[in-house]
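# Examining the three-dimensional arrangement
Here's the letter readout for the chains.
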Amino acid sequence: IYSRLASYVPPSKPGSLNTRLCPAAARFISSLPSAALVVDIGCGETKYEPSSGFLLGVDPCSEILQKSPHHSDKCDVALADALDLPFRDSTADAVLLVSVLHHFASPSRRRAVLTKMHRVMSVGARALIVVWAFEQPHASFPSQDVLVPWNLHEIALNGRLPKIRFHKDSTKEQRIIQNSIAISIRSEDRTSPSVWIDWIVSKVKNSPSPSLPSATPHFFPSTKRQTLLTGIRRWSPSLGKRLSSLILPIEDALADEMSADIMRDAVNEAMATIREVVFYRYYHVFRKGEIDTLISSLPSLRVVSESFENGNWNVIVEKMNPNKII
């Protein structure tokens, strides 16, 4: 979805400070001392470039980064994600983690993001964490883990790839929240699809003709095997074909491949005429105090302030000197 959105987002102007999306970030940047080195994790098009100092932004979406003013003398960007920051330890005077943490689907991954953030912060540096709040003034989420709809208009221009525009309902927060879909996030165990993927990928890599475990029909039904194969094919078509030959009879594998080709052609034809598209993004919406609990599990990091604004929790944290912690 972010690659699709990038085709609509206008390029940012170097030196500009966009306050429309997150006033807390604008205030945080403005409060920093001059010549501060700011690391923006999940920077997008670097809307919060400071008027003084320097900003280093990272984002996993290359199309979005192309919209950022990364050729300015106050900003540079890198293609990276929050779990693999390409910076030395104790580098940053300040960190922005705006609208990022709520996209990670487990407590361990959210803690891992904060651990990486903590690593690049210098002693005395502060970070602003902004997440979507479970507590909303005008609507109610069905769960803390939700799929949230994002509506777009696609307008074809002379038969070329469609230009993307925001849907008229995209800014209606109440409707978006009420139309979100509750999901359940469970911890992995030995019967989970991810464990199964790890097993079969390792077998395919290390053996020319691996055999399936005897317990396969019991803990992974055939219907789930079929769903799993479909997902693997999207990731690696060649691996998917090899796995099909191991798990499915040759007739079923050929029939499945033909069905996939027909379905892909049908979807492409339908998408060529579609005018409205609904995407879903995962969110973990935070309750009051939940960030505090995460921060308390990290050494030499303390919460400075927590505030609620525009349906978000804004939390400022500070890295302390570990040698002076009592």
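All of these numbers come straight from a predicted model, not from anything done at the bench.

Calculation criteria
- Residues numbered from 1 in each chain as written.
- Predicted model: local features only at pLDDT ≥ 70, side-chain atom pairs only at ≥ 80, totals over all residues.
- Heavy atoms only, no water.
- Helix = DSSP H or I, 4+ residues; strand = E, 2+ residues; numbered from the N terminus.
- Buried < 20%, exposed > 50% of the residue type's maximum accessible area, 1.4 Å probe, protein only.
- Contact = heavy atoms within 4.5 Å.
- Areas by Shrake-Rupley, 256 points an atom, 1.4 Å probe, with all protein chains shown as cover.
- Expected span 1.5 Å × (residues − 1).
- pLDDT = per-residue confidence, 0-100.
- Core = buried A, V, L, I, M, F, W, Y, C linked by side-chain atoms within 4.5 Å.
- Polar contact = N/O pair within 3.5 Å; in protein donor to acceptor, adjacent residues only side chain to side chain.
- Salt bridge = Lys/Arg side-chain N within 4 Å of Asp/Glu carboxyl O.
- Pairing = 2+ DSSP bridges.
- Axes fitted to C-alpha atoms, helices over the stretch in contact; angles between N-to-C directions.

A word on the overall build of the protein chain. On a plain count of helices and strands, the protein chain comes out with 11 helices and 11 strands. When burial is assessed residue by residue, the protein chain has 42% of its 326 residues classed as buried. The contacts of the protein chain with a sequence gap of at least 6 include a subset with a gap of at least 24, amounting to 65%. If you sum the accessible surface of the protein chain, you get close to 18,300 Å²; carbon and sulfur atoms cover 54% of it.

Our next topic: unusual backbone geometry. If you check the backbone angles, Ala 35 has positive phi at about 70° while not being a glycine. Within the element layout of this structure, Ala 35 appears in the loop between helix H2 (23-30) and strand S1 (37-41). Classification of Ala 35 by relative accessible area gives exposed; the value is 64%. Within the chain, Ser 99 stands out as a residue other than glycine whose phi angle is a positive 55°.

The next thing to look at is helix H4 (residues 107-120). In a regular helix each residue adds 1.5 Å, so 14 residues correspond to 20 Å; H4 covers 21 Å between its end C-alpha atoms and thus fits that length. When H4 is considered as a whole, its buried residues turn out to be Arg 110, Val 113, Leu 114, Met 117, His 118 and Val 120.

Our next topic: the confidence of the model for the protein chain. Confidence along the protein chain averages 76 in pLDDT terms, with 61% of residues attaining 70 or more. The low-confidence segment residues 14-19, where pLDDT is below 50, has 14 contacts with residues more than four positions distant or belonging to other chains. Confidence drops under a pLDDT of 50 for residues 188-225, and excluding neighbours within four residues, the segment shows 41 contacts in the predicted structure.

Once that is clear, we can look at the nonpolar core. Counting 34 residues, the largest nonpolar core has Ile 41, Val 95, Leu 97, Leu 101, Leu 114, Met 117 and Ile 129 as its most contacted members. Where this core is concerned, the elements lending two or more residues are S1, strand S2 (54-59), strand S4 (92-98), H4, strand S5 (121-132), helix H11 (290-296) and strand S11 (312-319). Examining the composition of this core, we find that 5 residues originate from one element, S5, more than from any other. Setting aside chain neighbours within four positions, we find Leu 114 in contact with Leu 97, Leu 101, Ile 129, Leu 294, Ile 295 and Leu 298. Core analysis: the second largest hydrophobic core is formed by 20 residues, Val 38, Cys 43, Val 77 and Ile 316 among them.

Mapped onto the secondary structure, His 284 falls in strand S9 (residues 276-284). By relative accessible area, His 284 is classed as buried at 5%. Separated by 3.0 Å, the side chains of His 284 and Asp 145 make a polar contact. Not counting residues within four places of it along the chain, the set of residues in contact with His 284 comprises His 102, Phe 104, Arg 110, Gln 144, Asp 145 and Glu 290.

Tracing the chain through its elements places Ser 99 in the loop between S4 and H4. A relative accessible area of 37% places Ser 99 in the partly exposed class. Remark: the alpha-carbon pair of Ser 99 and Tyr 283, spanning 184 residues in sequence, is separated by 9.8 Å.

The next point concerns the environment of Pro 86. Among the secondary structure elements, Pro 86 is positioned in the loop between strand S3 (75-79) and S4. A residue is classified by how much of its surface remains accessible, and Pro 86, at 47% relative accessible area, is partly exposed. Remark: the alpha-carbon pair of Pro 86 and Val 120, spanning 34 residues in sequence, is separated by 9.3 Å. Every residue in contact with Pro 86, bar those within four places of it in the chain, is listed here: Val 58, Ala 78 and Ala 80.

The subject of this paragraph is the pattern of salt bridges. According to the stated counting rule, one finds 5 salt bridges in the structure shown. Glu 45 serves as the salt-bridge partner of Lys 47, at 3.8 Å between the closest nitrogen and oxygen. For the pair Lys 47 and Glu 45, a shared accessibility class is recorded, and that class is buried. For the salt bridge of Asp 89 with Arg 119, the shortest nitrogen-to-oxygen distance reads 2.7 Å.

This paragraph deals with the pairing of S4. Among the 7 residues in S4, 6 count as buried, and that is most of the element. Relative to S4, S1 runs parallel, the two sharing 3 bridges. Within S4, the residue paired with Asp 40 across the bridge is Leu 96.

Moving on, we get to the sheet that holds strand S10 (residues 301-309). Spatial strand order, S3-S2-S1-S4-S5-S11-S10: 7 strands in an open sheet with mixed pairing. Looking at strand neighbours, the two that pair on one side only are S3 and S10, the edges of this open sheet. This sheet shows a mean twist of 15° between the axes of neighbouring strands, independent of strand direction. Across the sheet, H2 lies against S1, S4, S5, S10 and S11, angled at about 175° from S4, the strand it touches most. Sheet strands in contact with H4 are S1, S4, S5, S10 and S11, and its direction is about 150° off that of S5.

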